[in-house]
Every structure is written in C-alpha cells, then in structure tokens.
Amino acid sequence: MIQATLNRRAVMAQLLAQRGDALVVTGLGSTTYDALAMGDDPLVFTLWGGMGSAAMIGLGLAHAQPGR
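Residues numbered from 1 in each chain as written. Predicted model: local features only at pLDDT ≥ 70, side-chain atom pairs only at ≥ 80, totals over all residues. Heavy atoms only, no water.

**Considerations on the packing of aromatic side chains**
Logical step 1: If you walk through the whole model with that rule in mind, you get one aromatic pair.
Logical step 2: Geometrically, the ring pair formed by Tyr33 and Trp48 is edge-to-face, given 5.3 Å between the ring centres and 70° between the ring planes. One end of the pair, Tyr33, is in helix H2 (residues 30–37); the other, Trp48, is in the loop between strand S2 (44–45) and helix H3 (53–64), and 15 residues separate them in sequence. (Phe/Tyr/Trp six-rings, centres within 6.5 Å; stacked < 30°, edge-to-face > 60°. Helix = DSSP H or I, 4+ residues; strand = E, 2+ residues; numbered from the N terminus.)

Right, dumping it as structure tokens:
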C-alpha cells in the first residue's frame with residue numbers, strides 16, 4: 001500500500017504565492033502556524049484563540065470590501 005503525504009507548509013506557500021491581492025483569514029492551529037511560517041504579510045490575518053471567528057471575520061471583510 002502506498003501512502004501519500006501532504007506537506008502542509010509547501011501547500012500553504014503555493015497558495016499564498018498565487019493568491020494575488022486576496023485577503024487570507026486563518027483559523028486555529030496548523031493553518032495559522034503555516035501561514036506565519038511564510039513570513040509577515042499585511043494581507044494575512046491570523047487568529048489566535050478565536051475558535052469559530054475565521055468565518056465571521058471573513059464575512060465581515062467580504063462585506064466591508066465587496067470588490068475584493
């Protein structure tokens with residue numbers, strides 16, 4: 001049996017590199033750590049201890065800036 005693995009940080013690096021000017025809101029845990037490992041970016045909003053807040057913040061950003 002062949003087991004495929006996924007390198008989360010490599011995937012995050014590709015996603016952030018190809019997102020253009022899209023805003024990124026991370027949730028708890030791994031996505032936040034992986035996004036921060038790519039370096040500081042004003043278009044990436046990381047949440048620490050805000051369980052369930054990513055969806056609400058993303059919705060607020062989308063409402064405030066519908067063109068993005």
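**Here we look at the environment of Ser30**
Logical step 1: Looking at the secondary structure, you find Ser30 in helix H2.
Logical step 2: For the pair formed by Ser30 and Arg8, sequence separation is 22 residues and the distance between their alpha carbons is 8.4 Å.

**Section: a nonpolar patch on the surface**
Logical step 1: Residues Leu6, Val11 and Leu15 make up a contiguous nonpolar surface patch of roughly 300 Å² in combined accessible area.
Logical step 2: Its location among the elements puts Leu6 in the segment before helix H1 (8–17).
Logical step 3: Taking relative accessible area as the criterion, Leu6 reaches 68% and is therefore assigned exposed. (Patch = residues over 30% accessible without salt bridge, like charges linked within 9 Å, V, L, I, M, F, W, Y side chains within 5 Å. Areas by Shrake-Rupley, 256 points an atom, 1.4 Å probe, with all protein chains shown as cover. Salt bridge = Lys/Arg side-chain N within 4 Å of Asp/Glu carboxyl O. Buried < 20%, exposed > 50% of the residue type's maximum accessible area, 1.4 Å probe, protein only.)

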